[in-house]
Amino acid sequence: MALQQYREAARTAIIIAREEQYNGNYRSAHDVLFSMFRELRLHRIKASTEMSANLMILHSYILVKIHVKKGDHLKAARLLIRVANNISKFPSHIVPILTSTVIECHRSGLKGSAFSYAAMLMRPEYRQQIDLKYKKKIEAIVRKPDKSEEEEPLTPCPYCKFELATMELSCPECKNNIPHCIVTGRHVVADDCTACPECDFPAQHSEMIKLLETETACPMCSLKISRERIHKIGDLHKYLYIEGEE
């Protein structure tokens, strides 16, 4: 396939995924973008910023369920904050997603964020749609605000070593967009990196090992993987730089 045809196919994939996402079919939208992203990478063609960002946001949403199931509410809360900051991309589930964000943030001690999204839910267009099971709790968070919140930890940018918040995917120092870990949604770090042996998407090595204590599939490609196939990567060059056509 010629380069121009790949670009056209990529644009079509974005449109199809957007339609699926609009209708609330988040896994389908994710899989459409993932398949196209992988195809482009196979032919050394860099995916557009829009495609990369859309896949990252959808993947962040999908990861939430995994971390809630594992009882890691802080990871779930950080991911939900990212999703809630892009809530217009999830029009079918605005209120349920904002509600989950409030609950997970409050549960994990991110009280300031819980208050912000609870206040958003009190808007007239959302208030009547809140699940009755959570309505009183959310109203109480707004009535008696506690805005205390621990700061997000910092880890080094894999390009320039500048210390930035773990969930930040754009380095303010070197201006590079950083690949995200497919297990946590955090930016990858140079001294703790691995990749799925099936789809070759990067992840934090320590977090992938932890995930495989309870899960058997890669959260990105859904293929079965085992702990024995997970190895640390010393050279991140192929994940940080895609040589070839833009």
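Residues numbered from 1 in each chain as written. Predicted model: local features only at pLDDT ≥ 70, side-chain atom pairs only at ≥ 80, totals over all residues. Heavy atoms only, no water.

Some words on the nonpolar core
Met51, Leu98, Ile182 and Met208 are the most contacted members of the largest nonpolar core, which totals 67 residues. Of the residues forming this core, the biggest block, eight residues, is contributed by helix H3 (residues 49-69). When sequence neighbours within four positions are dropped, the list of residues in contact with Ile182 reads His59, Leu63, Cys196, Phe201, Pro202, Ala203, Met208, Cys218, Pro219 and Met220. Grouped together as the second largest cluster of nonpolar side chains are twelve residues, Cys157, Cys171, Ile233 and Tyr239 included. (Core = buried A, V, L, I, M, F, W, Y, C linked by side-chain atoms within 4.5 Å. Buried < 20%, exposed > 50% of the residue type's maximum accessible area, 1.4 Å probe, protein only. Helix = DSSP H or I, 4+ residues; strand = E, 2+ residues; numbered from the N terminus. Contact = heavy atoms within 4.5 Å.)

Looking at the packing of helix H5 (residues 94-107) against helix H8 (residues 132-143)
It is at 11 Å that the axes of H5 and H8 come closest, and there the two elements cross at 65°. At the point where H5 passes H8, the crossing takes the left-handed sense. For the pair H5 and H8, contact is made by Thr99, Val102, Ile103 and His106 and by Tyr134, Lys137, Ile138 and Ile141, respectively. Class assignment of the residues belonging to the contact of H5 with H8 gives a composition of five nonpolar, two polar and one charged. (Axes fitted to C-alpha atoms, helices over the stretch in contact; angles between N-to-C directions. Left-handed = near helix turned anticlockwise from the far one by under 90°. Nonpolar A, V, L, I, M, F, W, Y, C, P; charged D, E, K, R; others polar.)

Details of the environment of Asn85
Tracing the backbone shows Asn85 in the loop between helix H4 (73-84) and H5. The exposure class assigned to Asn85 is exposed, which follows from its relative accessible area of 54%.

A word on the pattern of salt bridges
Where charged atoms from two side chains of opposite charge come close, those side chains can pair. A complete count under the given rule lists twelve salt bridges for this structure. In this structure, the salt-bridge partner of Lys238 is Asp200, at a minimum N-O distance of 2.8 Å. Taken together, the residues Lys238 in helix H10 (residues 237-240) and Asp200 in the loop between strand S3 (193-195) and strand S4 (202-204) connect sequence positions 38 residues apart. Its relative accessible area of 51% is what places Lys238 among the exposed residues. Under the relative-accessibility criterion, Asp200 is labelled partly exposed at 24%. Overlapping salt bridges bring together Asp72, Lys75, Arg186, Glu207 and Lys210 as one network. (Salt bridge = Lys/Arg side-chain N within 4 Å of Asp/Glu carboxyl O.)

A closer look at the packing of aromatic side chains
The geometry of an aromatic ring pair is captured by two quantities: the separation of the ring centres and the angle between the planes. The tally for this structure, following the rule as stated, stands at six aromatic pairs. Ring centres of Phe34 and Phe201 lie 5.5 Å apart, and the angle between their planes is 50°; this geometry places the pair in the tilted category. Here Phe201 lies in the loop between S3 and S4 and Phe34 lies in helix H2 (residues 26-42), a separation of 167 residues in the sequence. Phe201 shares its class with Phe34; the two are buried. When the centroid spacing of 5.5 Å and the interplanar angle of 90° are considered together, the rings of Tyr159 and Tyr241 count as edge-to-face. Remark: Tyr241 occurs in the segment after H10 and Tyr159 occurs in the loop between strand S1 (154-156) and strand S2 (163-165); sequence separation between them is 82 residues. (Phe/Tyr/Trp six-rings, centres within 6.5 Å; stacked < 30°, edge-to-face > 60°.)

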